[in-house]
Amino acid sequence: MSLVLEAAILGILTGGVYALMASGLTLIFGVMRIINVGHGALVILGAYLSFALFRSLHIDPFLTLVITMPAMFALGVVLQVVLIRPLKTDREALSVLVTYAMALGIEGVLGYVFTANYVELRGWYETASFAIFGFHITYVYVFGFLLCLAILGALFLVLYRTAFGGAVRATMLNRTAAQLIGVDVDRVSALAFGIGVATAAAGGVVFGITNAFNPGSHYDLISRLLTIIVLGGLGSLRGAILAALLMLVIEDITAVVISPVWASFAFFVILVGVLIVRPQGLYGVRVRERI
Amino acid sequence: MRKPVSVIAAGFALILSACGTSGSTGTSPQASTPITIGVSVSLSGDFSGDGKALVQGYDLWAKDVNAKGGLLGHPVTMKYVDDASSTSQVVTNYQNLITQDKVALVFGPFSSLLTIPASVVTDRYNYAFPEPAGGGPKVFEKGLHSIFFVQPAAVEDNLVSYTKWLLSLPSGQRPKTAAYATQDDPFTQPQVDKAKGLLEAGGVTTASYKVYPAETTDFSPLALQVVHANADVVILGTQEPDAVAFVKAFQQQHYNPKSLIETTGPDQGKDFADKVGAANTEGIMVPAGWTPAAKAYGNDTFVNEFVAKYGGAPGDISADAAEAYSVGQVVDQASKKANSIDNKALITALHSGTYNTVQGPMSFDSVGRPQGGVGVYIEQWQGGSAVFVYPTTVATKKPEYPKPNWP
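Residues numbered from 1 in each chain as written. Chains lettered and ligands numbered in written order. Predicted model: local features only at pLDDT ≥ 70, side-chain atom pairs only at ≥ 80, totals over all residues.

## Observations concerning the overall build of chain B
In terms of helices and strands, chain B carries 13 helices and 14 strands. The C-alpha atoms of chain B give a radius of gyration of 22 Å, which matches the 22 Å a tight globule of 407 residues would have. On the principal axes, the C-alpha backbone points of chain B span a range of 75 × 65 × 40 Å. Counting across all 407 residues of chain B, residues that qualify as buried make up 56%. (Helix = DSSP H or I, 4+ residues; strand = E, 2+ residues; numbered from the N terminus. Rg over C-alpha atoms; globule rule 2.2 N^0.38 Å. Buried ≥ 20, exposed ≤ 12 C-beta atoms within 10 Å, placed from the backbone.)

## Here's the deal with the sheet that holds strand E3 (residues 105–107) of chain B
All names here are of chain B. If you walk across this open sheet you meet the three strands as E2-E1-E3, and the pairing is parallel. Lying at the two open borders of the sheet, with one neighbouring strand each, are strand E2 (76–82) and E3. The mean angle between the axes of side-by-side strands here comes to 25°, regardless of whether they run parallel or antiparallel. Across seven bridges, strand E1 (residues 35–41) lies against E2 in parallel orientation. Following the sheet pairing, Ile-35 is matched in E2 by Val-76. Packing against the sheet, helix H3 (residues 87–99) makes contact with E1, E2 and E3, and its axis sits at approximately 170° to E1. (Pairing = 2+ DSSP bridges. Axes fitted to C-alpha atoms, helices over the stretch in contact; angles between N-to-C directions. Contact = placed C-beta atoms within 7 Å.)

## Here's the deal with the nonpolar core
A general trend in soluble globular proteins is that nonpolar side chains are found buried together. In this structure, A:Ala19, A:Ala22, A:Ile228, A:Ile229, A:Ala244, B:Val106 and B:Ile235 are the most contacted members of the largest nonpolar core, which totals 219 residues. Split by domain, the residues of this core number at least three in each of domain 1 (35–153 + 294–362) and domain 2 (157–289 + 377–390) of chain B. (Core = buried A, V, L, I, M, F, W, Y, C linked by C-beta atoms within 7 Å. Domains from an automatic or database assignment.)

## Remarks on helix H9 (residues 218–232) of chain A
Residue and element names in this part refer to chain A. Relative to the 21 Å expected for 15 residues at 1.5 Å per residue, H9 spans 21 Å between its end C-alpha atoms, a close match to the ideal helical length. Among the 15 residues in H9, 15 count as buried, and that is most of the element. Gly-233 sits one or two residues past H9 and shows a positive phi near 105°. (Expected span 1.5 Å × (residues − 1).)

## Details of the pairing of strand E9 (residues 259–262) of chain B
Residues and elements named next belong to chain B. Neither face of E9 is exposed, since Ser-259 and Ile-261 on one face and Leu-260 and Glu-262 on the opposite face are all buried. Two strands pair when backbone bridges link them, and strand E8 (residues 233–237) and E9 are joined in this way by four bridges, in the parallel orientation. Paired with Val-234 across the bridge in E9 is Leu-260. Handedness of the crossover joining E8 and E9 through helix H9 (residues 240–252): right-handed. (Right-handed = clockwise from strand over helix to strand, strands pointing away.)

## Things to note about the interface of chain B and chain A
Each partner contributes to the interface: chain B provides 44 residues, whereas chain A provides 41 residues. Elements that contribute at least two residues to the side of chain B that touches chain A include exactly helix H1 (5–19), helix H2 (48–67), strand E7 (205–212), helix H8 (220–229) and H9 of chain B. If one sorts the elements of the side of chain B that touches chain A by residue count, H1(B) sits on top with ten residues. The residue makeup of the side of chain B that touches chain A, split by class, is 19 nonpolar, 16 polar and nine charged. (Nonpolar A, V, L, I, M, F, W, Y, C, P; charged D, E, K, R; others polar.)

## Structural notes on the packing of helix H3 (residues 65–84) of chain A against helix H8 (residues 185–210) of chain A
Packed helices, taken two at a time, are described by the angle their axes make and the gap between the axes. All names here are of chain A. Packing of H3 against H8 brings their axes to within 7 Å, and their N-to-C directions diverge by 140°. What the angle tells us is that H3 and H8 run oblique. Considering only the axes of H3 and H8, their crossing is right-handed. Tallied by class, the residues present in the contact of H3 with H8 amount to 20 nonpolar, six polar and no charged. (Parallel < 35°, antiparallel > 145°, perpendicular 65-115°, else oblique. Left-handed = near helix turned anticlockwise from the far one by under 90°.)

## Notes on the domain arrangement of chain B
All names here are of chain B. According to the domain assignment, chain B contains domain 1 (35–153 + 294–362) and domain 2 (157–289 + 377–390). Between domain 1 and domain 2, the C-alpha centre-to-centre distance is 28 Å. Contacts between the two partners involve 19 residues from domain 1 and, on the opposite side, 16 residues from domain 2. Per element, the largest residue contribution to the side of domain 1 that touches domain 2 is three residues, and it comes from helix H4 (residues 112–124). Looking at the side of domain 1 that touches domain 2 residue by residue, the classes come out as seven nonpolar, nine polar and three charged.

## Thoughts on the environment of A:Ala101
Note that A:Ala101 resides in helix H4 (residues 91–114). Placed 63 residues apart in sequence, A:Ala101 and A:Gly38 show a C-alpha to C-alpha distance of 7.8 Å.

## Here we look at unusual backbone geometry
Following B:Tyr390, the chain continues into B:Pro391 via a peptide bond in cis, with omega recorded as -5°. Relative to the elements of secondary structure, B:Pro391 occurs in the segment after strand E14 (385–390). The amide bond that connects B:Tyr401 to the next residue, B:Pro402, takes the cis arrangement and shows omega of 0°. Here B:Pro402 lies in the segment after E14. Positive phi is not limited to glycine here, since A:Arg33 has a value of about 55°. The exposure class assigned to A:Arg33 is partly exposed, which follows from the 18 C-beta atoms found within 10 Å. One non-glycine residue, B:Asn230, adopts positive backbone phi at about 50°. Within the secondary structure layout, B:Asn230 lies in the loop between H8 and E8. You can call B:Asn230 exposed: it has 12 C-beta atoms within 10 Å.

## A short note on the confidence of the model for chain B
For chain B, the mean per-residue pLDDT works out to 88, and 91% of the residues sit at or above 70. Segment residues 16–26 of chain B: pLDDT under 50, and 28 contacts once partners within four positions in sequence are set aside and those in other chains are kept. (pLDDT = per-residue confidence, 0-100.)

## Topic: the packing of helix H2 (residues 39–57) of chain A against H8(A)
Residue and element names in this part refer to chain A. Contact geometry for H2 and H8: axes closest at 7 Å, N-to-C directions at 65°. The two elements H2 and H8 cross, and the hand of that crossing is right-handed. Of the residues in H8, those in contact with His-39, Leu-42, Val-43, Ile-44, Gly-46, Ala-47, Leu-49, Ser-50 and Phe-51 of H2 are Val-197, Ala-200, Ala-201, Gly-203, Gly-204, Val-205, Phe-207 and Gly-208. A class-by-class count of the residues in the contact of H2 with H8 yields eleven nonpolar, six polar and no charged.

As structure tokens, this is what we get:
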């Protein structure tokens with residue numbers, strides 16, 4: 001199989017992981033109009049929780065999600081109530097500061113508990129692979145991609161097939177109007193934040209199996225996640241998924257065809273190009289407001 | 001008015017991605033006055049594993065020197081500040097250590113990347129700057145007289161022994177092709193470039209050569225390229241995270257080169273074995289200037305004390321710790337020679353004579369390049385631990401060649 005095709009497949013498989021991580025971030029923005037720059041730290045926290053269970057109880061990293069996702073959901077709800085809900089004015093700008101402080105706090109606690117050494121989640125599937133036309137696809141990428149599909153599918157079902165999902169979408173469309181028709185936006189916001197943080201835990205597991213990580217790994221992660229949701233259109237789940245796949249495919253192909261040095265740059269060129277033509281991103285909605 | 005949210009988000013993304021990268025001389029105090037030695041170490045970020053090992057080495061030396069009555073009679077306290085593996089923070093740290101904390105002496109941080117900017121600051125204040133881990137050519141290009149790289153050889157020569165060994169193989173076994181990939185780091189790239197030049201001159205064709213940014217986190221596409229090159233030997237300029245990632249990627253793709261060497265990573269003992277799996281380490285090579293079994297000056301004591309203080313086995317000791325300990329040994333001997341701990345006197349003393357360390361004897365030229373002549377050896381993982389395999393004068397086992405296939 002040609003190198004470019006292999007790089008594209010690799011990009012799609014790893015792109016799925018980023019799609020999962022970015023979906024929570026864009027959902028949180030869509031519902032609350034806040035930029036959660038602590039999302040990367042929450043992904044790393046999720047990875048460390050799985051690591052702790054894996055190390056102490058020898059639970060398979062994927063199975064740890066049964067414990068970590070509900071725990072992270074609860075943490076998300078608490079964080080929203082304690083840190084985000086009190087922000088009544090200038091939410092967008094203040095949320096950046098508050099969530100950045102949260103990220104630093106998480107990094108500090110993780111550094112204290114786990115030290116700054118790099119760790120990795122281990123499983124039989126991390127190096128086992130199967131061949132397709134001579135290209136070996138590693139099981140962990142396939143499992144990770146399937147997990148992403150399952151969780152993103154569940155997220156779509158919740159959003160488009162349940163009353164709660166209707167309330168979430170109404171809040172995303174117009175927070176004030178949603179309140180007027182009886183939606184408890186505070187409750188919706190807390191639950192949406194919880195869901196976003198729970199998806200971060202799921203993303204953290206796959207990230208932790210495919211990458212060595214330490215408490216400081218969130219800086220690189222959040223910068224990539226923010227560019228993904230900006231390209232996809234802030235608040236758009238579909239946009240986040242498409243942008244994540246695009247980012248990883250473009251980077252991986254550029255890395256093998258030209259040079260790894262140009263991989264991120266190539267993505268940013270496309271990001272700027274898209275934003276010039278569509279300032280609202282691929283799936284973003286253009287909103288006009290009276291000033 | 002509507003806030004430009006995209007702009008805030010994109011701006012933050014840029015700022016955060018940038019985060020991910022990266023006078024007066026201390027006068028000699030009266031004898032028996034306690035002194036503080038300041039070090040900027042990476043306790044977070046890319047070099048955090050190495051930073052921790054440096055602290056272990058420095059602390060052990062401070063304990064030893066204090067047990068002997070101190071550095072020329074001065075009880076020593078070490079002061080560490082975290083630079084988060086950042087080239088800007090390391091500058092701030094040394095500036096503060098010298099001007100605010102007024103430390104008597106400074107020791108070096110981890111990596112050439114951090115040593116280069118730090119050395120400019122310490123030189124400005126006329127401090128001697130003995131350092132354990134900054135040996136890239138760019139460290140010496142500044143021509144500073146106050147810096148001293150305490151390792152047996154300049155970093156760019158680290159893979160020379162390896163190339164000599166490959167080219168000494170019988171013609172039927174000698175590799176015909178080599179693939180190279182290296183971080184664009186002043187520590188790794190010069191080693192790989194020099195090895196590439198020597199092997200090409202020896203008739204080994206370059207099948208692939210890639211340089212990647214030090215900030216890279218996804219190594220899969222890079223590994224894919226190396227696999228596609230299908231070269232006989234693979235030479236990688238790595239730190240530990242990418243060293244582990246490449247090994248895993250080669251396993252995933254069932255790629256078995258005849259020889260695989262990585263500049264850093266496999267020298268991290270048990271930590272490396274834990275990350276790649278002990279069975280997967282077999283046959284992997286790394287250049288190394290120090291081993292727990294070496295009969296160098298004070299090495300037995302160092303190893304025994306290290307295991308007593310930090311636990312584990314001798315094979316678990318990071319070479320970084322031995323290098324940091326050596327810095328202390330060199331300064332201890334220089335202070336006795338100069339009969340002073342004044343920085344100016346130490347600089348003068350260090351430019352002449354030979355100093356004994358756990359890595360072997362060494363001296364320094366006018367810009368601090370080591371003149372030990374000991375050279376850097378090749379270690380190879382065999383049966384679950386790393387052993388010296390070349391040159392034969394220090395080898396405890398024969399090299400395994402070709403490297404066994406992945407289990």
